[in-house]
Amino acid sequence: MNFGAPHLARCGAPVKNVGVGNYTTSTAFLEALAEAGVTYVFANLGSDHPGLIEAFAQAKADGWTDALPKLVVCPHEVVAISAAHAYAMITGEAQAVLVHVDSGTANITGAVGNAFRGRVPVLIFAGTGRTEFIQWIQDVRDQRGIIRNYVKYDQEIRSGRNVKQLVHRALQVARSEPAGPVYLTAVREVMEEGLEPYSVDPAGFGAVAPAALAPEVAVEIGTALAAAEHPLIVTSYLGRDPSAVPSLVALAELLAIPVVEAMAYHVNFPFDHPLHAGFQFHSVAQNPVLAEADVILVLDSDVPWIPAINKPSPGAAIYYVDVDPVKPQITTWYTPARRFAAASTKLAVEQIAEFVRENAGGQADRDRVDRRRAALAERHARAVAALEEAEQPREDVITAEYLSACVRRLIEGTGALVLTELVTSSKVATEGLRPNEPGSVIHHGGGYLGWSSGAALGAALATGRTRPVVSLVGDGSFLFSAPASAFWAQRRYDAPSLTIIYDNRGWAGPKFSTMHVHPSGAAATADDFNVSFDPEVDLPAVAMAAGAGLGATVTLPADLPGTLKEALAVVQDGRSAVVSVHIPPVRA
Ligand SMILES: Cc1ncc(C[n+]2csc(CCOP(=O)(O)OP(=O)(O)O)c2C)c(N)n1
Ligand SMILES: [Mg+2]
């Protein structure tokens, strides 16, 4: 992914009409963000931010607000960080988040973990300092330590005189691959420091350029794939750079290589393509495609398979090309491979394809590839037929399969951008959506639930309402996402979204995990998992109370397509809508 900074037009522009004594570290900080291409500051304010609040107001009073990013008030911090996260995933442009001292930092830390796992750049600022009573209570030994597990870089701004360089440096770290969040702090006194206006050219702080494979590694991998009887590609997040997808398609077609998407959180390969070999999510069975492979190329994946359940054959030759192949952030990680290489997967697959093209084998090789192509197309057609069978409506109950098919039909031709935060319905939903267009379905890539409602705010701001934003979420995920805060902000900033809740009235995830570990334990025997939300929460009403324009609960299969259509129309007219769809309940 190339996390650029396209709005550099303001770079180095002299500051206009700054009142004497009114240019502070806070002004320079905000100005540097704008100069670096940051459009939004998603903010949850506190006693550490008077300098910033004053700088925004002063800019307005002096008539140069356009030289600063726009402030978006987020009453809960999870909304702020998730909005910035989704915005950067969609546009490639890092945004900023302001949170309050240790308290706000603690409130975002889990969600910053999502951005860190998803390798998405975000610049976070939280103040410190002691002038008001509460700040003694909010003082901690190591505020930056609260969040350090989930950021690439953390630093304290100690003077206004280099605050711009520090902002650009932090954004350079955030944007360079593997991209990720960065965290800055400053005491209140430093943020108030008066300065002479100055500018720093952000063009000198660009993200590190994408890396290619060493030529001999491209030859090694290309040679192995071309000679394989059953080559296979496994990927999870190659599609975070949507332009990498056609490059992968070209390589796969060249040698008829099937592609498995493992715990995919981007569209990595078009589902309709006959070489798409299925989605691997949580599974209790061996994937036959993985078992039969003799040469496996893993491209951008944190967990390509879980060997205790599902593994390649012992003789398979594995090659690992990843933007982050050693994964220092995952402490117990090993996927033994013949070769690991750090590279932009787009460049890498193009290099491998070029080698294969120029060194194409003889007729025998071509016959083998053609036979494989035909067999894989047949397998794909059988898989699609099975999915079509499973999604047929039933009279009595809305299955997750039918719901997902209804969503696919609803958004067909609308150019919708789909955000997903589903747990036990994730495979069914992905198989139901059958996404083909790169960048059209995204997930945060982390393990902290509660992203979706704030992410929808960021997504709607990013798309400027040129395409509908549709979130598919669990009822548990929805409750984690501070929905009152998010739907208020969606309304205030004219950033509507459609949320469809796969509502099983509880947490199926922990039940599934317990069944897996204790299939005939006491919890399973008595169906006693403590995971049901009984009495039921009226989830759409929560969003309605905060500003959504439509809230509905659907229990009958026949009502589903009509209600979804109505809800989408409300969103296209400018208000958010939330539809809770009752799928079979988690009972215990
Ligand atoms: C912030 C956070 N807290 C707790 C968990 C643990 N957890 C994983 S799945 C899950 C249940 C989610 O419920 P829902 O979104 O309704 O999906 P379902 O499991 O019902 O498919 C929970 C609580 C988590 N991942 N993140
Ligand atoms: Mg649930």
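Residues numbered from 1 in each chain as written. Chains lettered and ligands numbered in written order. Predicted model: local features only at pLDDT ≥ 70, side-chain atom pairs only at ≥ 80, totals over all residues. Heavy atoms only, no water.

What follows concerns the packing of aromatic side chains. Applying the stated criterion across every chain, the model contains 11 aromatic pairs. Centre to centre, the rings of Phe279 and Phe281 are 6.5 Å apart; their planes meet at 45°, and the pair counts as tilted. Among the aromatic residues, those joined into a cluster by ring pairs are Tyr40, Phe42 and Tyr87. Lys164 extends its terminal NZ or CZ atom over the ring of Tyr198, reaching a point 5.4 Å from the ring centre. (Phe/Tyr/Trp six-rings, centres within 6.5 Å; stacked < 30°, edge-to-face > 60°. Lys NZ or Arg CZ within 6 Å of the ring centre and 35° of its normal.)

The next point concerns the pattern of salt bridges. According to the stated counting rule, one finds 26 salt bridges in the structure shown. Between Asp322 and Lys327 there is a salt bridge, and its shortest N-O distance comes to 2.8 Å. In this pair, the class of Asp322 matches that of Lys327, namely buried. Its salt-bridge partner being Glu391, residue Arg408 comes within 2.7 Å of it at the nearest N-O pair. Remark: Glu391 occurs in the loop between helix H13 (363-390) and helix H14 (400-411) and Arg408 occurs in helix H14; sequence separation between them is 17 residues. Overall, the relative accessible area of 5% leaves Glu391 in the buried class. (Salt bridge = Lys/Arg side-chain N within 4 Å of Asp/Glu carboxyl O. Buried < 20%, exposed > 50% of the residue type's maximum accessible area, 1.4 Å probe, protein only. Helix = DSSP H or I, 4+ residues; strand = E, 2+ residues; numbered from the N terminus.)

This next bit is on helix H15 (residues 426-433). By the criterion of burial, H15 is predominantly enclosed, with 7 of the 8 residues buried. Regarding H15, the residues found buried are Ser426, Val428, Ala429, Thr430, Glu431, Gly432 and Leu433.

Note on the magnesium ion (ligand 2): its protein donors are Asp475 (OD), Asn504 (OD1) and Gly506 (O). The metal-donor distances range over 2.0 to 2.1 Å. Mapping the donors of the magnesium ion (ligand 2) onto the primary sequence yields the spacing D-x28-N-x1-G. Neither residue differs from the other here; Asn504 and Gly506 are each classed as buried. (Donors = N, O, S within 2.8 Å, 3.2 Å for Na, K, Ca; no water.)

Quick look at the site of ligand 1 now. Neighbouring ligand 1 are 16 residues; Thr424, Asp475, Gly476, Ser477 and Gly509 lie closest to it. Contacts to ligand 1 include Gly447, whose backbone N or O atom sits 2.9 Å from a nitrogen atom. Here an oxygen atom of ligand 1 and a backbone polar atom of Gly506 are 3.0 Å apart. Its free accessible area being 590 Å², ligand 1 has 78% of it covered by the protein chains. Only helix H17 (475-480) and helix H19 (508-517) provide two or more residues apiece to the shell around ligand 1. No other element matches the 4 residues that H17 contributes to the shell around ligand 1. Its residues assigned to classes, the shell around ligand 1 comprises 7 nonpolar, 8 polar and 1 charged. (Near = heavy atom within 4 Å. Polar contact = N/O pair within 3.5 Å; in protein donor to acceptor, adjacent residues only side chain to side chain. Areas by Shrake-Rupley, 256 points an atom, 1.4 Å probe, with all protein chains shown as cover. Nonpolar A, V, L, I, M, F, W, Y, C, P; charged D, E, K, R; others polar.)

Moving on, we get to the sheet that holds strand E4 (residues 122-128). In spatial order, the strands read E2-E1-E3-E4-E6-E5; together these 6 strands make up an open sheet with parallel pairing. Taken across any chain shown, the strands that pair with only one partner, and hence form the sheet edges, are strand E2 (70-73) and strand E5 (153-156). Going across the sheet, the axis of each strand differs from the next one's by a mean of 20°, ignoring polarity. With 3 bridges joining them, strand E1 (residues 40-43) and strand E3 (residues 95-99) adopt parallel strand pairing. Its bridge partner lying in E3, Phe42 is registered against Val97. Taken strand by strand, helix H1 (residues 25-35) contacts E1, E3, E4 and strand E6 (181-187), and its axis lies near 175° from that of E4. (Pairing = 2+ DSSP bridges. Axes fitted to C-alpha atoms, helices over the stretch in contact; angles between N-to-C directions. Contact = heavy atoms within 4.5 Å.)

For the pair helix H3 (residues 77-91) and helix H4 (residues 101-117), the least separation of the axes is 8 Å and the interaxial angle reads 30°. Between H3 and H4, the crossing angle belongs to the class labelled roughly parallel. Here H3 and H4 pass one another in a crossing that is right-handed. Residues Glu77, Val78, Ile81, Ser82 and His85 of H3 touch H4, and the partners they reach there are Gly104, Asn107, Ile108, Ala111, Val112, Asn114 and Ala115. Of the residues contributing to the contact of H3 with H4, the split by class is 6 nonpolar, 5 polar and 1 charged. (Parallel < 35°, antiparallel > 145°, perpendicular 65-115°, else oblique. Left-handed = near helix turned anticlockwise from the far one by under 90°.)

Omega for the peptide link from Glu177 to Pro178 comes to -10°, which places this bond in the cis form. Turning to its location among the elements, Pro178 is positioned in the loop between helix H7 (163-175) and E6. In this structure, Pro535 follows Asp534 across a cis peptide bond, with omega equal to 5°. One non-glycine residue with positive phi stands out, namely Arg434, at about 45°. Tracing the backbone shows Arg434 in the loop between H15 and strand E14 (441-442). Using a relative accessible area of 9% as the deciding quantity, one classes Arg434 as buried. For Arg465, which is not glycine, the phi dihedral falls at a positive 60°. Tracing the sequence through the fold places Arg465 in the loop between helix H16 (452-463) and strand E15 (469-474). A residue is classified by how much of its surface remains accessible, and Arg465, at 36% relative accessible area, is partly exposed.

A few words now on the nonpolar core. A general feature of soluble globular proteins is that nonpolar side chains tend to end up buried together. Among the nonpolar cores identified, the biggest contains 44 residues, and Phe42, Val97, Ile124, Leu419, Leu457 and Leu461 are the most heavily contacted of them. Elements represented by at least two residues in this core include exactly E1, H3, E3, H4, E4, strand E13 (417-421), H16 and helix H18 (483-492). In terms of residues, this core owes the most to one element, H3, which gives 10 residues. Filtering out sequence-adjacent residues up to four positions away, Phe42 remains in contact with Val72, Cys74, Ala80, Ala83, Ala84, Gln95, Ala96, Val97, Leu98 and Leu461. Grouped together as the second largest cluster of nonpolar side chains are 37 residues, Leu238, Ala252, Leu255 and Leu275 included. (Core = buried A, V, L, I, M, F, W, Y, C linked by side-chain atoms within 4.5 Å.)

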